[in-house]
Structure formats: C-alpha cells, structure tokens
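# Per-entry structural report
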Amino acid sequence: MTTTASASGHTGQFPFDFAPQRTQDADLLRQLNFVPGLKEILALRQVHALEHATVWVLGQSIGATTARTDNELLGGMSTDQGFYLYGHVNIAQLRQAVREALQRIGSGEWDLAVHPRCGTNLSVAMLLTAGLAVGINLALPRGPILQLLGLGAAAAAAAQLAPDVGSLAQRYVTTAIPFNLSVVDITVSHDFWGREAHFVRVRWVE
C-alpha cells in the first residue's frame, strides 16, 4: 500500500495501491494528442487540484495553524487557463500561498487536492439522491405515504454517502496532481458573471 503525506503533515494511506505519477498526464497527451480537447481536460483537472490546495494553504495561514483549516469565506472556480479565487485576500499572500500549494501538493501532500466544499460533492449528492429515489420509487408500492417515506430515506442515505463518494470522485475524476502546471501571474479580474476575483493564470509545461 502506497503511503502519502497528508495535508496536516502526517503520513496517510493512499487507497487502491494508486499513486500519481509525475509524467502520467504528459504521457497520455503524447499518446492521444489527436483527441480534441484532451489537453484542456487534463489541464482543468490539474488546475482544480491547485485551486483546492491554495484554499487549504490560505486557510492555514489565516488560522495560524499547521492543521488543515477551511476558511469558508474563500471560494474558487477553475478553468483550463487558471482559477478564480473569491474572497478577501492580499495578493502578496495569495502569491505565496499558490507557490506553497504547488510545491506541497507536488511533493506528496495529495490530500490537498480534495476539498469538502467542492461542487463535485454537490453534484454527487444530487446524483445519489436521484438514483436512490428512482430505485426506491420502483421498489415500493405506489401509495403516497410509502413513496414519501422512501424519498426521505433516499435523501438521508445520499447525505450520508455523498461526502465519501464525492471525495473519491474528486481524487480520481475531477482533479489531478498539478505536475504540469506553472504559475504565470495573478491579477484582479472578473469571471463570466462579472464578479470580481483574483485570477491565477497558469500554463502547461511538459
């Protein structure tokens, strides 16, 4: 079983005997470079992980602790070109946090890629609720009381399962360790909806 350094600085087990390989995305891109949009997808997954890691590092610096601290006033949105960071933060502090996040996550603190407030968790919760609700609807008699009880049970079960399933989805589907990213600059910008944010621009490096 491969072990990794967790975000809190302790060594933790990485499940399924799987450890990210530094060249895995670059190798995949070379082999499948004819696939439209593949580079953008790979870049987006890596940016997503860097966004999460940066939010964790900023929480640690604000909370003055070595343990992982979630500053709920900070949020982000990733693109294949970089990520938007929302919330009050000093740009010099952000530059330092991004550098530290990139160094730490690339050095083995892979848990920094997973964040409990990620939209992936919400999507997973919705899918679980819908799937369980459909299954219960088909399994139970058509009476309204039983159907309502079944829907309640589906929602409760989904709420219990979503954090763990969402974390797995982040780790293996929606994020990837940013081995191929280099930070270009950080600017005050606006997202697609006109909201002001800091934009951390990155570039892909082999």
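The text that follows walks through the structure, step by step, so that each part is easy to find. Everything numeric in this text was worked out from a predicted model, so none of it was measured.

Cut-offs and rules
- Starting afresh in each chain, residues are numbered from 1 along the sequence in its written order.
- Where totals are concerned, whole chains, interfaces and linings use all residues; where local detail is concerned, this predicted model gives features only for residues with pLDDT of at least 70, and gives and counts side-chain atom pairs only at 80 or more.
- Excluded from the side-chain calculation are hydrogens and water; included are all heavy atoms of the structure.
- Only buried residues count toward a nonpolar core. Its members are Ala, Val, Leu, Ile, Met, Phe, Trp, Tyr and Cys residues joined through side-chain atoms within 4.5 Å.
- Between buried and exposed lies partly exposed: a residue is buried under 20% and exposed over 50% of the maximum accessible area for its type, with that area taken using a 1.4 Å probe on protein chains only.
- Put simply, DSSP H or I for four residues or longer makes a helix, DSSP E for two residues or longer makes a strand, and each gets a number counted from the N terminus.
- Throughout, a residue-residue contact means that at least one pair of heavy atoms, one from each residue, lies within 4.5 Å.
- All axes are obtained by fitting lines to C-alpha atoms, using only the stretch in contact for helices, and the reported angles, taken between N-to-C directions, cover 0 to 180 degrees.
- Roughly parallel covers angles under 35 degrees, roughly antiparallel covers those over 145, roughly perpendicular covers 65 to 115, and oblique covers all other angles.
- Here a crossing is called left-handed whenever its near helix is offset anticlockwise from the far helix by less than a right angle, and right-handed whenever the offset is clockwise.
- Three categories are distinguished: nonpolar for Ala, Val, Leu, Ile, Met, Phe, Trp, Tyr, Cys and Pro, charged for Asp, Glu, Lys and Arg, and polar for the others, with Gly belonging to the last.
- For two strands to pair, DSSP has to find at least two bridges joining them.

Counting 32 residues, the largest nonpolar core has Leu-58, Phe-83, Leu-85, Leu-94, Ile-105 and Val-200 as its most contacted members. In terms of residues, this core owes the most to one element, helix H2 (residues 38-63), which gives 11 residues. For Val-200, the residues in contact, after removing those within four places along its chain, are Gln-81, Gly-82, Phe-83, Leu-94, Val-98, Val-183, Asp-185 and Ile-186. Residues Met-77, Tyr-84, Tyr-86 and Phe-199 belong to the second largest nonpolar core, which totals 5 residues.

Turning our eyes to something else, we now look at the packing of helix H4 (residues 119-139) against helix H5 (residues 144-174). The axes of two packed helices give the description: the angle between them and the distance between them. Viewed as axis vectors pointing N to C, H4 and H5 meet at an angle of 140°, and their least axial separation amounts to 6 Å. Regarding the angle of H4 to H5, the classification is oblique. In terms of crossing hand, the pair formed by H4 and H5 is right-handed. When the residues that make up the contact of H4 with H5 are grouped by side-chain class, the tally is 17 nonpolar, 10 polar and no charged.

Spatially, 4 strands are ordered S3-S4-S6-S5 in an open sheet, and the strand pairing comes out antiparallel. Either end of the sheet is taken by a strand with one partner, and the two such strands are strand S3 (75-79) and strand S5 (181-190). When strand polarity is set aside, the average angle formed by the axes of neighbouring strands in this sheet is 20°. Here strand S4 (residues 82-86) runs beside strand S6 (residues 196-204); their pairing, made up of 4 bridges, is antiparallel. Paired with Tyr-84 across the bridge in S6 is Phe-199. Here helix H3 (residues 91-106) sits on the sheet in contact with S4, S5 and S6, set at roughly 150° to S5.

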